[in-house]
Structures are given as C-alpha cells and as structure tokens.
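So the chains spell out like this:
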Amino acid sequence: MAVAMVQFLMEKFVDALEEEDSSAVPFHALFQDIKEDLKATMRSSVPLGTADLLRDLLYDLNDILIECRTLSKKHTELKQRKRARLSSMSSLWFLYKAKKRLQAIKHSIQPRNHGAGDQNYSSGSLSGDMEFDRWTSRSVDKSKVYGLDDQLNAIERMLSEVDSGGFKGIGIVGMGGVGKTVLAQMVFNSPQVRRRFFPRLWVCMSQTVKRGRDVRREMLERMLMALGVEDEAITSISEAGAGSGGLAELMFALHLQLMNKRYLIVFDDVWNIDEWYEGLMSSGLPDEGLWAGHLRLDRVLPKDCGGSVIVTSRLEEVAVKMVGKENMCRIEPDKDGEFCWNIFMDSVTEGGLADDHPTLRSMKTEIVDRCGGLPLAAKTIGEILRGSLSPAEISAPENKLHP
C-alpha cells in the first residue's frame, strides 16, 4: 500500500511540474533536480520503511509545489495591475521557508552510487536514521555581533575566577533568537578563554545525528571523538557494557579523558530536564565498578581541576537545574532596535545591496518593529530580502514592503 501511494504521489508531482505555467513557479530548477533524484532513488526496489518516508516527503513536496504555484499566480496578477512584485513580508517569509524545506527534501532523497560500475542506487539518508534540521557550531563572526560585549566580559570574568582545584557552571538563558548561542560562541572563541582552557568542547544538544538513538550515548560518543578517541575504540567501549547498554563505560572513558585537565564544555540549546542533566555542580564519584548505577552527567565531569561548563537554554528552569541559580546570564531583547538594525543591514547587504540606499533606509521602522528585539529575526529578514530581491528590484520604489 505504501509503495503504491508513493507511485501515485510521484506521478501527481511530475504531472504538476510539467504543466505549462510551471516554469514560472519559484524554485522551478530545484523542483526539477528533486524530481530527477526521486526517479534515481526509485529505479531499484523500495523497502517498506523507505516507502513510508518517501510517501511523507512526497506529500510535503506536492504541498510546497501547490503553494508556490498559488503564490506565482498571485504575483502575476499583481504585476499585471502594476503593483509590487513581492507585496508583503509574508510572501518573502514563505519563499525563504519553502526553499529551506526543498533543500532539506533534496538532501534526504539524494541517491548515493555504491561502486564505480554499480548502477543500483541506495535510498541515501531515507531511513530511520534521517538527520534533524538544526546544528549549531563553535564558530562566529564577531564583527557581525552587536550588543553582547557586557555579557561577554561578565562571563570571561566568572571563568577567570575558577581556581585550579574548583569547578564553575554558567547558564545563558533568554527567549529563542535573542543571541544565547552567539554569546556562547564568543566566549568559546575568546582569546582569554582559549589561553585558559584546554580542551574546549562544543556540544549541540538540540539534535542527535540519528533518530531513535539514545541522546546520552550519542552525546558521550561525540565528545570522545572530539577529544581524539578513535572510532574503533569508542565502538569497543560502547559494546563492552551489557547492563547499561554501554552508557556507563562511555561515561567512565570520558571521565578519564577529562581528568587533570582545565576543560571547558558548552552544552548549547538544552531542552531536557530529566535527572541525567541535573546537578552538574554536585561532587563525588561512584565507587569503582558502580558507574552503571549512577547514570548522570555530573558523574562524568571532574570537579577538582579548574574545569567549567556553560549551558544555554531558552528554559531558565533547565539551566538552573543543571548549574544552579548563582551564575545565570540573562539576555534580553534589543529595546531600541539599533543592534537589530545593524544585524539586518549586515545580512541584507551581503547580497550586493548598497547599505545607504534610500529604499532600505525607509524600511527601517518596519523592519525593527517586525524583529521584536530579536537578533535572529533581524538576520532572517535580511536573508529573506537578500535571497528574494536583486539589487535592481530592491531599489525600485514600488517594491517597498507592505503590511
């Protein structure tokens, strides 16, 4: 049944894409690329699990195509009436999100050729191991960050106060898009912090590489890999444990790797509040051989060598449960909008738009209002405009945004 539904949805998608007016649809070339990838994927027999996932992706793909065609017709009508080609922020936002969704679909179904002479295509990442959407990384362009200098100095000061026999936990909290990850990145890459801490580990907690895997186990494996432990050794350690599924063995291995080192670990975008994450400030270790009965993250971290952890979360109660109330750094939205405007301008002018163009300047009040004081919103709006309008289009007076 699932395979038959995949065939039906595929035919529906191909037929819609071949209609006369489809060439004017936004992202037409991307739709065509996805069509070819789908055909390549379906040349071989499709396993049941893969068929289920293909069916869901094709439902989404057909929906996006319908929405793009509707928007294209709307813009054609507006153009015929000599009105703005892109008449609202909602249209720009849709185009931005639609492109992201299409790119994610293409990544998921892109076939992989196994062997030089083998024309059988695998289903790529079409399996239960499909990746999540969001990664964060340790890198940041400090020249494009505004309004976080005071918080950066405060955290650097707190970290410098950790003596060689102590341990420090710091929480960075605030609403989504306010700049928590960016602040953590600035701390992580600060020259003062780089000189003081080694090793430094960045752990993105908002996703795991594979769906259905134990988040705790995968986090420990990623940290061991970052510390230079070979894949074969990690696999051996993980498979050694019976009762705990290898979790206790991985915990002990990571503890040994961090012993006698002034480490810094950033746990970015933490959401979970179960007992695994709680109480990182507690001291004491399980007796030898009893790690399986103490499966908590705090047991992994040596507390007597000047190490530190930074936790970012939009849920303050999560950060408090992990590192306590004493060292919370709260980031508030930009009240007057000037920082957001600077971020917006940095983002939009990357596409070749002049930063002093009067059309951009005339949009300042509207843009700042729509950002709501959130730097991420400012950056996203800039990306929307940069990706949707050319320099010539944005300079045209009829292309101002309309509420």
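Calculation notes
- Every chain is numbered independently, its residues counted from 1 as its sequence is written.
- Selection of residues for local features in this predicted model requires a pLDDT of at least 70, selection of side-chain atom pairs for listing and counting requires 80 or more, and totals for whole chains, interfaces and linings are taken over all residues.
- Hydrogens are left out, water is left out, and the side-chain values use all remaining heavy atoms of the structure.
- Only DSSP runs of H or I reaching four residues or more are called helices, and only runs of E reaching two or more are called strands; each is numbered from the N terminus.
- Burial classification: accessible surface area is computed with a 1.4 Å probe over protein chains only, and a residue below 20% of its type maximum counts as buried, one above 50% as exposed, and the rest as partly exposed.
- We call two residues in contact whenever any of their non-hydrogen atoms come within 4.5 Å of each other.
- Note that accessible areas follow from Shrake-Rupley with a 1.4 Å probe, and for residues the cover is restricted to the protein chains shown.
- Here a salt bridge means any side-chain nitrogen of Lys or Arg lying within 4 Å of a carboxyl oxygen belonging to Asp or Glu.
- To obtain each axis, a line is fitted to C-alpha atoms, and for helices this fit is confined to the stretch in contact; angles are then taken between N-to-C directions over 0 to 180 degrees.
- With respect to orientation, any angle under 35 degrees is reported as roughly parallel, any angle over 145 as roughly antiparallel, any angle of 65 to 115 as roughly perpendicular, and every other angle as oblique.
- Helix crossings get a hand from a simple test, with the near helix turned counterclockwise from the far one by less than a right angle marking a left-handed crossing and a clockwise turn marking a right-handed one.
- Any residue that is not Ala, Val, Leu, Ile, Met, Phe, Trp, Tyr, Cys, Pro, Asp, Glu, Lys or Arg is counted as polar, Gly included; the first ten are nonpolar and the last four charged.
- How sure the predictor is of each residue is captured by pLDDT, a score from 0 to 100.
- DSSP calls a pair of strands paired once it identifies at least 2 bridges connecting them.
- What makes a nonpolar core is a set of buried Ala, Val, Leu, Ile, Met, Phe, Trp, Tyr and Cys residues whose side-chain atoms join them at distances within 4.5 Å.
- Think of a polar contact as two N or O atoms within 3.5 Å of one another; within protein, one of them needs to be a possible hydrogen donor and the other a possible acceptor, and neighboring residues in sequence only count if both atoms come from side chains.

### Description of the overall build of the protein chain
The helix and strand inventory of the protein chain stands at 16 helices and 5 strands. The buried share among the 403 residues of the protein chain stands at 47%. Residue pairs at least 24 apart in sequence account for 76% of intrachain contacts in the protein chain once pairs closer than 6 positions are excluded. Per element, the accessible surface of the protein chain, about 20200 Å² overall, is 50% carbon and sulfur.

### Structural notes on the pattern of salt bridges
If you walk through the whole model with that rule in mind, you get 11 salt bridges. In this structure, the salt-bridge partner of Glu 67 is Arg 101, at a minimum N-O distance of 3.6 Å. One end of the pair, Glu 67, is in helix 3 (residues 48-80); the other, Arg 101, is in helix 4 (residues 89-109), and 34 residues separate them in sequence. A relative accessible area of 29% places Arg 101 in the partly exposed class. The partner of Arg 330 in a salt bridge is Glu 316, with the nearest N and O atoms 2.5 Å apart. Of the two residues, Arg 330 sits in strand 5 (residues 328-330) while Glu 316 sits in helix 11 (residues 316-323), which places them 14 residues apart along the sequence.

### Some words on the packing of helix 9 (residues 231-240) against helix 10 (residues 247-258)
Between helix 9 and helix 10, the least distance of the axes is 6 Å, while the angle of their chain directions is 135°. Judged on the interaxial angle alone, helix 10 and helix 9 are oblique. Taken as a pair, helix 9 and helix 10 cross one another with a handedness that is right-handed. Residue-level inspection shows Ile 234, Ile 237, Ser 238 and Ala 240 of helix 9 in contact with helix 10, the latter providing Glu 249, Leu 250 and Ala 253. A breakdown of the residues in the contact of helix 9 with helix 10 according to their chemical character gives 5 nonpolar, 1 polar and 1 charged.

### What about the confidence of the model for the protein chain?
Mean pLDDT for the protein chain: 78, with 74% of residues reaching 70 or above. Within the model, pLDDT remains below 50 along residues 112-134, and this stretch shows 50 contacts once partners closer than five positions in the same chain are excluded. This stretch, residues 390-403, has a pLDDT under 50; its non-local contacts, to residues over four places away or in other chains, come to 34 contacts.

### Details of the packing of helix 8 (residues 215-226) against helix 10
Relative orientation of the contacting elements helix 8 and helix 10 amounts to 30°, with a least axis distance of 10 Å. The angle between helix 8 and helix 10 falls in the class roughly parallel. Considering the relative orientation of helix 8 and helix 10, their crossing is left-handed. Contacts between helix 8 and helix 10 involve Arg 216, Arg 217, Leu 220, Glu 221, Met 223 and Leu 224 on the former and, on the latter, Leu 247, Leu 250, Met 251, Ala 253, Leu 254 and Gln 257. When grouped by side-chain class, the residues that make up the contact of helix 8 with helix 10 number 8 nonpolar, 1 polar and 3 charged.

### With respect to the sheet that holds strand 4 (residues 307-313)
With parallel pairing, 5 strands are arranged side by side in an open sheet as 2-3-4-1-5. The two strands at the open ends of the sheet, each matched to only one other strand, are strand 2 (200-204) and strand 5. Put simply, the sheet's adjacent strands are angled 15° from each other on average, direction ignored. Both strand 1 (residues 167-173) and strand 4 contribute to a ladder of 7 bridges, which runs parallel.

### Section: helix 14 (residues 364-371)
For helix 14, the set of buried residues is Glu 366, Ile 367, Val 368 and Cys 371. Once helix 14 ends, the next one or two residues include Gly 372, with phi positive near 60°.

### Considering the nonpolar core
One finds Met 219, Leu 220, Ile 265, Phe 267 and Leu 301 to be the most contacted residues of the largest nonpolar core, which totals 36 residues. Broken down by secondary-structure element, the contributors of at least two residues to this core are strand 1, strand 2, helix 8, helix 10, strand 3 (264-268), strand 4 and helix 11. The element contributing the most residues to this core is helix 10, with 6 residues. Excluding anything up to four places from it in sequence, Leu 301 contacts Phe 167, His 255, Leu 258, Tyr 263, Ile 265, Leu 280 and Val 309. Counting residues in each nonpolar core, the second largest holds 29 residues, with Met 10, Leu 58, Leu 61 and Ile 105 among its members.

### Regarding the side chain of Arg 299
Structurally, Arg 299 can be placed in the loop between strand 3 and strand 4. Here the side chain of Arg 299 touches Asp 298 through a polar contact of 2.6 Å, side chain to side chain.

### Focus: the pairing of strand 2
Burial within strand 2 is extensive, with 5 of its 5 residues counted as buried. Burial along strand 2 is two-sided: the face carrying Arg 200, Trp 202 and Cys 204 and the face carrying Leu 201 and Val 203 are both buried. Bridge count between strand 2 and strand 3: 5 bridges; the pairing is parallel. Each residue of the ladder has a partner; that of Val 203, found in strand 3, is Phe 267.

### Remarks on the side chain of Lys 35
Mapping Lys 35 onto the fold places it in helix 2 (residues 28-41). By relative accessible area, which is 7% here, Lys 35 ends up buried. Ignoring any residue separated from it by four or fewer positions in sequence, one finds Lys 35 in contact with Met 10, Phe 13, Val 14, Leu 17 and Glu 18.

### Topic: unusual backbone geometry
Here Phe 198 and Pro 199 are connected by a cis peptide whose omega angle stands at 0°. Tracing the backbone shows Pro 199 in the loop between helix 7 (191-196) and strand 2. For Asn 260, which is not glycine, the phi torsion reads 60° and is therefore positive. As for its placement among the helices and strands, Asn 260 is situated in the loop between helix 10 and strand 3. Given the relative accessible area of 69%, Asn 260 is considered exposed. The phi torsion at Asp 269 lies on the positive side, around 65°, for a residue other than glycine. Position of Asp 269 relative to the elements: it lies in the loop between strand 3 and strand 4.

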